[in-house]
Structure formats: C-alpha cells, structure tokens
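Residue-level structural notes
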Amino acid sequence: TLDDKPLPRSPSHQKPLELLQALVALGGREVDEDKLAELFWPEAEGDAARRNLKINIHRLRKLLPENTLVWTEGKLSLDARQVWVDVWALERELNRLDQASPTDAAALAQRIFSLYRGEFLPGNTESWALAARERIHNKILRLLTRAVETLLPADPAAAIPIYEKTIEIDPLRESLYQGLMRCYQILHRPAEVEHVYRRCRDTLKRELGLAPSEETETLIKRLRAPNT
C-alpha cells in the first residue's frame, strides 16, 4: 500500500508487482539482479533478460515512493527507512523469541500471531514464493514450539493460547496437541484433556486418514490414569 491505498494493479503493473513480491521473498536486501532476471525470463538471452528487468524495475519505481528501491553494483534492495514490510517485522519478532526467556515468550508469541496473517503469498506457485513460504512457516513453528515447550512447566495457563494458535497454523502436528493435553493435565482439567485428544484424533482421520501415533495414545492413557 501507499498512503494506505493498494498499489495500482492494472495489467501493465502485473510484472513490476511480481518483481516486488520476489524481491521481498528473496530477503529484500542486496538481491542479485541476475538471479531476478533468470527467475522471470529464464528463456531469454542474458542481455535481453537484463533489459526486461531494467524496464520493469523502472515501472516499479514509478509505483513506489522516491528512493525506495535501490539498485547499485548489480544488487537490488528495498530501503528500510522508506517502507515497512510485514515479513521483516515478523522476522524481527521471531529472532527476539529465539533469544527470549520464558517470562517474555508469551508476549512475543502474541506479537508474532498478530503479524502472521496466514501463508506468505497464498496461491502463488512460483519457486521463489514456495521457498519463502516454507521457510517462514517452518521457522514460525520451530521457534513457537520450542518457546511454548519451555513455558509449559512454569506457566501452563499462559502456554494454552500459544498452543491453540500454533495448532491453527499447523493442525496436523501431533506434538502441539500433546503439549496442550499436558497443560490441561497440570491444571487438573481432565475434560479438556479428552477434548484435545479427540480433536487430534478427528483431525488426523479427516485430513490424512490416519490414527494418532503411538506416542499420543501412550500419553492419553497415562493422563487418564488416576493420580497422574
């Protein structure tokens, strides 16, 4: 957006905006011009591909504030002083979470959930979009899972909403249901333990045609046992 309005999306703007998306997907800083040219015009000769890139970068610059897109020594960058990029903001919070103590994890997780509104460029099947989507998805799950597992013993009540929102991101990851079951068990809420188990079982059956793993079955049996 520019001044809170979406950038123009006429047919002539399609390729420049795709270049902008690719630039963000590739990190947005010092992206090699030859890499972009190869991604977008793989069949063109080197000079022709660079010429196409130059034309479309010129068009993109017209859509953006002045000096937003920097092109020097064969590298393209977005000037962070000129733009706010949600992926960059998300990455910053993820990096903070990576270094955070358990006492700070809950607040950082909530900031991450507020920034992560779903898959990166959903519906885009280009290789650069798929790679960025998978990288972001995996990083979010890895860091949130590690943080909430650390938080669970100290504050299971605070861990519950983090588990719930992380399950929304990846509803097929059994370890998240297992952690949520443990939270409710520590809080002496057996009905919720059973409800989470049934959610896990039903989701796996509906989406994958599978039963819960032996680990999940062993956990629910243990949690059902008296005086567990």
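Residues numbered from 1 in each chain as written. Predicted model: local features only at pLDDT ≥ 70, side-chain atom pairs only at ≥ 80, totals over all residues. Heavy atoms only, no water.

Remarks on the side chain of Glu33
Rule in force here: A run of H or I in DSSP becomes a helix once it reaches four residues, and a run of E becomes a strand once it reaches two; helices and strands are each numbered from the N terminus. Partly exposed residues are those whose accessible area sits between 20% and 50% of the maximum for their type, while under 20% is buried and over 50% is exposed, using a 1.4 Å probe and protein chains only. When charges are counted, Lys and Arg contribute as positive and Asp and Glu as negative, whereas His and the chain ends are disregarded. Counted as salt bridges are all cases of a side-chain nitrogen of Lys or Arg within 4 Å of a carboxyl oxygen of Asp or Glu. The contact definition used throughout considers only heavy atoms, calling two residues in contact when any of these lie within 4.5 Å.
By the element assignment, Glu33 lies in helix H2 (residues 33-40). Despite being buried, Glu33 has no salt bridge partner; Arg50 is the closest side chain of opposite charge, sitting 5.0 Å away. When residues no more than four places from it in sequence are discounted, the contact partners of Glu33 are Arg50, Leu53, Trp71 and Gly74.

Brief notes about the side chain of Asp79
Here is the rule we go by: N or O atoms within 3.5 Å of each other form a polar contact, as long as, within protein, one can give a hydrogen and the other can take it, and as long as residues adjacent in sequence are counted only when both atoms are side-chain atoms.
The residue Asp79 is located in the loop between strand S3 (75-78) and helix H4 (86-99) in this model. Residue class for Asp79 comes out buried when judged on its relative accessible area of 12%. At a separation of 2.9 Å, a polar atom in the side chain of Asp79 contacts the main-chain amide nitrogen of Arg81.

Topic: the packing of helix H8 (residues 174-186) against helix H9 (residues 190-208)
Selection criterion: Here an axis means a line fitted to C-alpha atoms, over the contact stretch when the element is a helix, while the angle between two N-to-C directions is reported on a 0 to 180 degree scale. Should an angle fall under 35 degrees it is called roughly parallel, over 145 degrees roughly antiparallel, and 65 to 115 degrees roughly perpendicular, with every other angle called oblique. Each residue gets one of three labels, nonpolar for Ala, Val, Leu, Ile, Met, Phe, Trp, Tyr, Cys and Pro, charged for Asp, Glu, Lys and Arg, and polar for the others, Gly among them.
Packing of H8 against H9 leaves a shortest axis separation of 8 Å and a crossing angle of 170°. Relative to H9, the element H8 lies roughly antiparallel. Taking contact as the criterion, the partners of Glu174, Tyr177, Leu180, Met181, Tyr184 and Gln185 in H8 are, on H9, Glu192, Val193, Val196, Tyr197, Arg199, Cys200, Thr203 and Leu204. Its residues placed into classes, the contact of H8 with H9 shows 9 nonpolar, 2 polar and 3 charged.

Quick notes on the pairing of S3
As a reminder, the rule being used: We call two strands paired when DSSP finds no fewer than two bridges between them.
The sheet contact formed by strand S1 (residues 31-32) and S3 spans 2 bridges and is antiparallel. Bridge pairing links Val31 to Leu76 in S3. Turn length for the strand S2 (residues 69-72)-S3 hairpin, with the two strands adjacent in sequence and antiparallel, is 2 residues, and the turn residue Glu73 shows positive phi of about 50°.

Here we look at a nonpolar patch on the surface
Where we set the bar: Residues enter patches when their relative accessible area tops 30% and they take part in no salt bridge; the joining distance is 9 Å for like charges and 5 Å for the nonpolar side chains Val, Leu, Ile, Met, Phe, Trp and Tyr. To be clear on the numbers: accessible area is Shrake-Rupley with a 1.4 Å probe, and residue cover counts the displayed protein chains and nothing else.
On the surface, Leu172, Leu208 and Leu210 cluster together into a nonpolar patch covering about 250 Å² of accessible area. For Leu208, the position within the fold is in helix H9. Accessibility expressed as a relative area gives 43% for Leu208, which makes it partly exposed.

Re H8
Condition: Multiplying 1.5 Å by the helix residue count minus one yields the expected span of that helix.
The first and last C-alpha atoms of H8 sit 19 Å apart over 13 residues, in line with the 18 Å expected at 1.5 Å per residue. Summarising burial for H8: 10 of the 13 residues are buried, a large majority. Of all the positions in H8, only Glu174, Leu176, Tyr177, Gln178, Gly179, Leu180, Met181, Cys183, Tyr184 and Gln185 are classed as buried. Packed against the buried residues of H8 are helix H6 (127-151), helix H7 (156-169), H9 and helix H10 (214-224). Positive phi shows up at His188, right after H8, with a value of about 60°.

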